[in-house]
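Given next are the chains, with one letter for each unit.
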Amino acid sequence: MTTLPITPETITRVTLDNGLTILVRDNPNNASVTLRGRLRAGGLYDTDKTSGLAHFATAALQRGTRKRTFQKLNEELDRRGMSFGVGAGMETIGFSGKSLVEDFDHLLNLAADVLMHPVFPKVETEKLRQELLADLKEADDDTHHVAYREFRALCYPKTHPYHRLSDGRAETVKRLTLADLSDFHARYFRPDVTTIVIVGDVRAGDAIAKIERALGKWRTRGKPAEHTLPDVPPLKQNARKVSALAGKMQADLVLGHAGIRRTDPDYYALSIGDLIFGRLGLYGRLGANVRDKQGLAYYVFSGLEANIGAGPWAVRAGVNPKNIDRAVDGILAEIVRFRSEPVTQDELDEARDFVTGSLALRLETNDGVAATLGDIELFSLGLDYLQRYPSIIRAITAEQILAAVQKHVQIENYALTIAGPVSQ
């Protein structure tokens, strides 16, 4: 059976009376069903004193519900060959699951139980707390993690959610109570901030009816919390922090600054430019010049984290501790070139082909389609977005990229963090 192209006519979107938004994409060629969901909530609601609360509370949802203990929940997943998981990021809380078509009702029942009726059992929740603390302790010994964590702290003011990572700190996770977790769930898990995407061998009408039976009675009071992130004031001078970690062979560094929001008009031009600069092939110009030609880094790449808020644009590198200053100089020299010279036509053609080809590959799986439709809903891109996307990318010019880079990529007033066997 031929799969129809993904157009507005092949996607069904409805909103239930309780505010829950549903998107369904029928794929009769795969006898399974993929479920992906997203709540507009997350670590952005944590405070400095409750850092890690969203992460902890969300991870605890599957530790026990009104109908299922932690053990029974996992036994049910194993017995039916289903999968289901839920986790919190900074801006959204995501959940996903997969089942055979005949088990779709069971998957929905389990998902609804986890989302609506967690009980935060003391013994299992305390076990989870110890697991999270072990993860944080391990991260404290990871040069890559420490460099990025300190970069965020240096780049964003203390009052901004991006100042911290969503997994929190050991001292705050230790203090969080069961009441804190329960209160977070009661306040932020709401149907009117939730989107569910279904992709698989199920008709849209059937899928919507099943979801309404499972989640239609989900009700909450009042209005949802405002889901926004404040603007970020630029740094007024270069900021540098060194974190000494003994016993390591390699130092990791992060250099950059706050970037742009996903909704910024320059998003596509800057994203394509960043791809050419530090992601394409074996990491773009940075990889070719700083690593391969000059031999100053074990790895080096750049990334633009454009999201609801203005996430960072940054270069990350792993280097020999003896080469830190030379590697930083090499990266800065490439940024200067990035800001002064337009990308070549060959670079632009390769980047366009990569971006459009990557999306085509992503859409070959139910999970990829579900994730893409979730992004389309989150950023209000429109159900015809996938039809327009190739034209959007093909229309980006070298001149637009250079203008976006000169506007948003800085050679001064940047944050630089280094973690490894180095003196402070």
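Residues numbered from 1 in each chain as written. Predicted model: local features only at pLDDT ≥ 70, side-chain atom pairs only at ≥ 80, totals over all residues. Heavy atoms only, no water.

Trainee: For this particular structure, what's the right way to read the overall build of the protein?
Mentor: Within the protein, the secondary structure is distributed over 15 helices and eleven strands. Across its three principal directions, the C-alpha atoms of the protein cover 60 × 50 × 40 Å. Taking contacts inside the protein between residues at least 6 apart in sequence as the whole, the part at least 24 apart equals 81%. Put simply, the protein shows about 19500 Å² of open surface, and 50% of that area lies on carbon and sulfur atoms. (Helix = DSSP H or I, 4+ residues; strand = E, 2+ residues; numbered from the N terminus. Contact = heavy atoms within 4.5 Å. Areas by Shrake-Rupley, 256 points an atom, 1.4 Å probe, with all protein chains shown as cover.)

Trainee: Please clarify how helix α15 (residues 398–408) should be interpreted in this entry.
Mentor: Helical geometry: 3.6 residues make up each α-helical turn, so side chains three or four residues apart lie on a common side. Here α15 has its buried residues at Ala 398, Ile 401, Leu 402, Ala 404, Val 405 and His 408. Take α15 and look down its axis: the buried residues cluster within an arc of 165°, on one side only. Opposite the buried face of α15, by more than 90 degrees, sit the exposed residues Glu 399 and Lys 407. Buried positions along α15 lie against β8 (251–258), α9 (267–278), α11 (324–340) and α12 (345–362). (Buried < 20%, exposed > 50% of the residue type's maximum accessible area, 1.4 Å probe, protein only. Arc of directions from axis to C-beta.)

Trainee: What exactly am I supposed to notice about the pairing of β8 here?
Mentor: Most of β8 sits out of view: eight of its eight residues are buried. Bridging between β8 and strand β11 (residues 415–420) involves five bridges; their strand directions are antiparallel. Bridge pairing in β11 links Val 254 to Thr 417. (Pairing = 2+ DSSP bridges.)

Trainee: Is there a simple way to explain the sheet that holds strand β2 (residues 21–26) in this structure?
Mentor: Within a sheet, adjacent strands bond to each other through the backbone by hydrogen bonds, running parallel or antiparallel. Read from one edge to the other, the open sheet built from six strands follows the order β1-β2-β6-β3-β5-β4, with strand pairing classed as mixed. Each of the sheet's edge strands pairs with one partner strand only, and the pair in question is β1 (11–15) and β4 (83–88). Recorded for the sheet is a direction-independent mean angle of 10° between the axes of neighbouring strands. By the bridge criterion, eight bridges tie strand β3 (residues 32–39) to strand β5 (residues 93–100) in an arrangement that is antiparallel. Bridge assignment links Leu 39 to a residue of β5, and that residue is Ile 93. The strands that helix α13 (residues 366–378) touches are β1, β2, β3 and β6 (194–200); relative to β3, the one it contacts most, it runs at about 25°. (Axes fitted to C-alpha atoms, helices over the stretch in contact; angles between N-to-C directions.)

Trainee: Explain the environment of Ala 170 here, please?
Mentor: Within the element layout of this structure, Ala 170 appears in helix α6 (residues 170–175). Overall, Ala 170 belongs to the partly exposed group, its relative accessible area being 26%. Counting along the chain gives 117 residues from Ala 170 to Leu 53, while the straight-line C-alpha distance between them is 11 Å. If we skip the residues at most four places from it in the chain, Ala 170 touches Leu 133 and Leu 136.

Trainee: Which parts of the structure should I look at to understand the side chain of Thr 143?
Mentor: Mapped onto the elements, Thr 143 comes out in helix α5 (residues 143–155). Judged by its relative accessible area of 10%, Thr 143 is buried. Every residue in contact with Thr 143, bar those within four places of it in the chain, is listed here: Leu 245, Lys 248, Gln 250, Asp 252, Ala 419 and Gly 420.

Trainee: Before we go on, may I ask you to explain the packing of aromatic side chains in this structure?
Mentor: To describe a pair of aromatic rings, you give the distance between the ring centres and the angle between the ring planes. Scanning the model with the defined rule gives eleven aromatic pairs in all. Here the aromatic residues Tyr 45, Phe 184 and Tyr 188 are joined through ring pairs into a cluster of three or more. Positioned above the aromatic ring of Phe 70, the side-chain terminus of Arg 63 is 4.5 Å from the ring centre. (Phe/Tyr/Trp six-rings, centres within 6.5 Å; stacked < 30°, edge-to-face > 60°. Lys NZ or Arg CZ within 6 Å of the ring centre and 35° of its normal.)

Trainee: Can you walk me through the nonpolar core in this structure?
Mentor: Most often, soluble globular proteins keep nonpolar side chains buried together rather than apart. Counting 137 residues, the largest nonpolar core has Phe 84 and Ile 198 as the members making the most contacts within it. When residues in this core are grouped by element, the largest group, nine residues, is from helix α3 (residues 104–116). (Core = buried A, V, L, I, M, F, W, Y, C linked by side-chain atoms within 4.5 Å.)

Trainee: Please clarify how unusual backbone geometry should be interpreted in this entry.
Mentor: Most peptide bonds take the trans form, and the phi angle of most residues other than glycine is negative. For Phe 120, which is not glycine, the phi dihedral falls at a positive 50°. Relative to the assigned elements, Phe 120 resides in the loop between α3 and α4 (122–139). Given the relative accessible area of 6%, Phe 120 is considered buried. For Asn 413, which is not glycine, the phi dihedral falls at a positive 55°.

Trainee: Teacher, can you tell me more about the sheet that holds β11 here?
Mentor: Strand order across the open sheet formed by five strands is β7-β11-β8-β10-β9, with mixed pairing between neighbours. Of all strands in the sheet, those bounded by a partner on one side alone are β7 (239–244) and β9 (299–306). Across this sheet, the average inter-strand angle for adjacent strands is 15°, counted without regard to direction. Its contacts with the sheet put α9 on β9 and β10 (310–319), and the angle it makes with β9 is roughly 170°.

Trainee: Please clarify how the environment of Ala 186 should be interpreted in this entry.
Mentor: Along the chain, Ala 186 falls in helix α7 (residues 178–188). By relative accessible area, Ala 186 is classed as exposed at 54%. Considering only alpha carbons, one finds Ala 186 and Tyr 268, 82 residues apart in sequence, at a separation of 37 Å.

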